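Residues per chain, in single letters:
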Amino acid sequence: MTNITLRNVVKRVALLNLGYFCVEFVVALSIGSVSLFADSVDFLEDTSVNLLILMALGWSARNRARVGMALAAILLVPGLATIWTAWKKFMMPVAPEPLPLSLAGLGALAINLSCAMMLARFRAHGGSLTRAAFLSARNDTLANVAIIAAGLVTAFLWNSAWPDLIVGIAIAAMNADAAREVWTAARGEHSAAA
């Protein structure tokens with residue numbers, strides 16, 4: 001597979017993530033959803049990750065490893081933003097509107113499945129950079145299923161802020177684990193290139 005093919009895929013993934021960030025962020029603010037807020041910030045983080053990957057593809061292995069370590073730190077940003085949002089929601093626990101929550105989660109799932117499928121064939125190509133993009137898209141699909149479930153639970157079983165809060169905190173934990181994986185891979189690449 002060529003670098004040109006990878007570049008085109010990464011560009012498409014970045015644009016899809018940026019577009020859906022705008023959609024999900026507006027919905028999150030309008031219905032007061034922690035999980036959608038966390039996921040929207042994650043879409044913005046994915047946009048940044050893919051733009052960094054696009055810039056770093058032609059760099060040396062050592063420099064790509066350094067960018068990989070930076071990406072590991074970037075992966076933590078949505079988790080920190082989510083914790084802050086969750087704290088505010090915990091202080092005023094109002095359930096988000098379940099239908100927009102589930103529909104936005106469904107749209108996010110479609111975007112993230114598309115991105116994960118595009119990136120899957122490159123996950124071993126380009127080291128920690130493409131691994132970061134693939135892991136991020138893969139984790140996001142799991143988060144989107146949980147967001148949809150939170151909306152359904154809120155609508156039919158438990159009209160509470162808790163399903164949304166629990167999913168939002170789980171998304172933050174998943175991003176922290178992805179950051180650890182990318183950091184480990186980037187450190188290994190950096191050591192191998194030294």
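Conventions adopted
- Residues numbered from 1 in each chain as written.
- Predicted model: local features only at pLDDT ≥ 70, side-chain atom pairs only at ≥ 80, totals over all residues.
- Heavy atoms only, no water.
- Core = buried A, V, L, I, M, F, W, Y, C linked by side-chain atoms within 4.5 Å.
- Buried < 20%, exposed > 50% of the residue type's maximum accessible area, 1.4 Å probe, protein only.
- Helix = DSSP H or I, 4+ residues; strand = E, 2+ residues; numbered from the N terminus.
- Contact = heavy atoms within 4.5 Å.
- Axes fitted to C-alpha atoms, helices over the stretch in contact; angles between N-to-C directions.
- Parallel < 35°, antiparallel > 145°, perpendicular 65-115°, else oblique.
- Left-handed = near helix turned anticlockwise from the far one by under 90°.
- Nonpolar A, V, L, I, M, F, W, Y, C, P; charged D, E, K, R; others polar.
- Patch = residues over 30% accessible without salt bridge, like charges linked within 9 Å, V, L, I, M, F, W, Y side chains within 5 Å.
- Areas by Shrake-Rupley, 256 points an atom, 1.4 Å probe, with all protein chains shown as cover.
- Salt bridge = Lys/Arg side-chain N within 4 Å of Asp/Glu carboxyl O.
- Expected span 1.5 Å × (residues − 1).
- Disulfide = S-S within 2.5 Å.

Asks: What should I look at first to understand the nonpolar core in this one?
Replies: Considering soluble globular proteins, one finds that nonpolar side chains tend to be buried as a cluster. Grouped together as the largest cluster of nonpolar side chains are 45 residues, with contacts concentrated most on Leu-36, Ile-53 and Leu-119. Elements represented by at least two residues in this core include exactly helix H1 (3–31), helix H2 (34–56), helix H3 (61–74), helix H5 (98–120), helix H6 (128–156) and helix H7 (162–193). In this structure Leu-36 touches Glu-24, Val-27, Ala-28, Ile-31, Pro-100, Leu-101, Ala-104, Gly-105, Ile-147 and Asp-164, once residues within four positions along its chain are discounted.

Asks: What exactly am I supposed to notice about the environment of Glu-189 here?
Replies: You can see Glu-189 is positioned in helix H7. Overall, the relative accessible area of 23% leaves Glu-189 in the partly exposed class. In this structure, the C-alpha to C-alpha distance between Glu-189 and Leu-51, residues 138 residues apart in sequence, is 20 Å.

Asks: In this structure, what is going on with the packing of H3 against H7? I would like to understand it.
Replies: Each pair of packed helices can be summarised by the angle the axes make with each other and by the distance between the axes. In the contact formed by H3 and H7, the axes pass within 8 Å of each other and the chain directions differ by 160 degrees. By the angle class used here, H3 and H7 are roughly antiparallel. For H3 against H7, the interelement crossing comes out left-handed. On H7, the residues that touch Ala-61, Arg-62, Ala-65, Arg-66, Gly-68, Met-69 and Ala-72 of H3 are Ala-179, Val-182, Trp-183, Ala-186, Arg-187, Glu-189, His-190 and Ala-193. The residue inventory of the contact of H3 with H7, partitioned by class, reads nine nonpolar, two polar and four charged.

Asks: Would you explain a nonpolar patch on the surface in this entry?
Replies: Taken together, the side chains of Trp-84, Trp-87, Phe-90, Met-91, Leu-152, Phe-156, Leu-157, Trp-158, Trp-162 and Ile-166 define a hydrophobic patch exposed on the protein surface, amounting to about 1,200 Å² of accessible area. For the nonpolar patch, the secondary-structure elements that each account for two or more residues are helix H4 (77–91), H6 and H7. When residues in the nonpolar patch are grouped by element, the largest group, four residues, is from H4. When its relative accessible area of 54% is taken as the criterion, Trp-84 is described as exposed.

Asks: Help me understand H4, please; the structure alone is not making it clear to me.
Replies: Every α-helical turn comprises 3.6 residues, leaving residues that sit three or four positions apart pointing alike. Spanning 15 residues, H4 covers 22 Å between terminal C-alpha atoms, matching the ideal 21 Å at 1.5 Å per step. Contact partners of the buried residues in H4: H2, H3 and H7.

Asks: How should the state of the cysteines be read in this particular structure?
Replies: Disulfide: a covalent bond formed between the sulfur atoms of two cysteine residues. Scanning all chains against the criterion turns up zero disulfides. Cys-115 supplies the cysteine sulfur nearest to Cys-22, a cysteine that is in no disulfide, at a spacing of 14 Å.

Asks: Before we go on, may I ask you to explain the environment of Arg-12 in this structure?
Replies: Secondary-structure assignment places Arg-12 in helix H1. The partly exposed category is assigned to Arg-12, whose relative accessible area is 44%. Separated by 50 residues in sequence, Arg-12 and Arg-62 have C-alpha atoms that sit 26 Å apart.

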